[in-house]
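A look at the structure
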Amino acid sequence: MPPEPAPDGPAARTDGPPYRPGPPVALLPADVRRPVRTLLGDPTARVTDVQAAPIGYESWSRSSDGLYDVSGTARTAHGDHVWRLVLKQVRHRSWTPTPGDLARQMDDGGDAPGDWAYWRREALLLESGLLDRLPGVFAAPRCLATTPWGAAGRGVRLWLERVTGVPGDRWTADDLLTAAHDLGHCHARYLAEPPAPRPWFCRPFLEQRALVGRAALIGRVEEAAGTADPLLRRLFPRAAATALRALWERHAQVVGLMRRLPHTLVHRDLTPGNLFRASGRTVAIDWGQTGLGPAGEDLATLVLSSRPAWHLDAQGLADLGAAAAARHRAGLAEGGWHGDPDTVAVAYRLVAAFHYGLPLARTADKLLALPPERRRAAVEDTGLRTRIATMIAHLETAQPDLRRLDTHVSAPSRPTRSGRTS
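Cut-offs applied
- Residues numbered from 1 in each chain as written.
- Predicted model: local features only at pLDDT ≥ 70, side-chain atom pairs only at ≥ 80, totals over all residues.
- Heavy atoms only, no water.
- Helix = DSSP H or I, 4+ residues; strand = E, 2+ residues; numbered from the N terminus.
- Buried < 20%, exposed > 50% of the residue type's maximum accessible area, 1.4 Å probe, protein only.
- Contact = heavy atoms within 4.5 Å.
- Lys, Arg positive; Asp, Glu negative; His and termini not counted.
- Charge placed at Lys NZ, Arg CZ, Asp CG, Glu CD.
- Axes fitted to C-alpha atoms, helices over the stretch in contact; angles between N-to-C directions.
- Parallel < 35°, antiparallel > 145°, perpendicular 65-115°, else oblique.
- Left-handed = near helix turned anticlockwise from the far one by under 90°.
- Nonpolar A, V, L, I, M, F, W, Y, C, P; charged D, E, K, R; others polar.
- Pairing = 2+ DSSP bridges.

**A look at the overall build of the chain**
A count of helical and extended segments in the chain gives 16 helices and eleven strands. Dimensions of the chain, computed from the C-alpha atoms along their principal axes, are close to 75 × 55 × 40 Å. Of all 422 residues assigned to the chain, the portion counted as buried reaches 54%. The contacts in the chain between residues at least 6 apart in sequence include a share of 76% that link residues at least 24 apart. Of the charged side chains in the chain, 53 are positive and 45 negative; the average position of the first set lies 1 Å away from that of the second.

This is the structure we're talking about:
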């Protein structure tokens, strides 16, 4: 079956992520009338000038098809006004990943509403009003309008308020800990009153089919642990291979546990490129993987992908995680949720193992594929050694949870704002 056409006619891109900015977009005053009127709070505003400049970025989202800084002037009864907003274009894009693609990212090529890269999810979320319940300390950009774009209903334009502040890739540890606190507030809001499931909610990270692609390489860790190369044997001890195999063998039970834990609205992509500190708030953009899940799923991504975590060793990551968990618990309590903190902690540890420990298999595969001289140079890199050690630490930390899977949580607990469990 041939790929579906892109909204404006050409064949859909099939070369996979990462995706880079599209060409400049030509906008007419009529295109921006609705979002500009919402932005200015004036239903009679007349757009007199509009320009759009691409915002440079690299995205792993198949639906992403351009991000633009849009500005201009508008005339109202009170005079001329300069305005500025952000346009995000999303569209359907077909792609069939290779096994190698599945080992390095989460998009398995599926186009169903629950799949990782479902292209309409963010628009549906913004239109649903679910984000209107976000607490003041944790926010999303205001959606000014969503409008159809392109041919055959295969594209949507998201018109968003601009966010200015300190981007996540410039955060300090204090910024991160403040964000963990604010995220706790957010999670408390939706833990107390979980939204009804939507068919377009993204399936949890641990239920994405692309994980199979990562797991297919586990044997390469066992191969590295048994190789004649002493450098590789030191990097990949047999205990690490055993821990990785144990993790994958209990995958189905872990999924069952995660389904039983208390659920909240989760963002699922709280990485530095999607975060800002602005006007005393944490602001998250790009809600394209939103769904229901345990609070620890978001907290793990927030902490372990953060800039302060980039160069930490295993102990440093553990200390940062503990500090963030304490601030997140405080945010949960201040937001009115008083459930068992271990339900957050166990989800954090298990997501850390699958999200940040399982890639150990791909690392082993890449090193084993190198010629001996290049492999020797690679394994002497201090940064690589540290990353491998932290991957192994995530796997080891999860082992007690794997052994206690049947005793962690027997049924979902839904504490109310008063702390009582329903």
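**Some words on the packing of helix α10 (residues 295-304) against helix α12 (residues 342-357)**
Contact pair α10 / α12: the axes reach a minimum separation of 7 Å and the direction vectors enclose 55°. Considering their axes alone, α10 and α12 lie oblique with respect to each other. The interaxial crossing formed by α10 with α12 has right-handed handedness. Of the residues in α12, those touching α10 at A295, G296, E297, L299, A300, T301, V303 and L304 are V344, A347, Y348, V351, A352, H355 and Y356. Looking at side-chain class alone, the contact of α10 with α12 contains eleven nonpolar, three polar and one charged residues.

**Describing the sheet that holds strand β7 (residues 166-167)**
Read from one edge of the open sheet, four strands run β4-β10-β9-β7, paired in mixed fashion. The open sheet has two edge strands with one neighbour each: β4 (138-139) and β7. Pairing of β4 with strand β10 (residues 281-284), which is carried by two bridges, proceeds in the parallel orientation. Within the sheet, the bridge partner assigned to F138 lies in β10 and is T282.

**As for the side chain of H185**
Along the polypeptide, H185 turns up in helix α4 (residues 173-192). Judged by relative accessible area, H185 falls into the buried class, the value being 17%. With sequence-adjacent residues up to four places away left out, H185 is seen in contact with P135, V137, G331, L332, E334 and G335.

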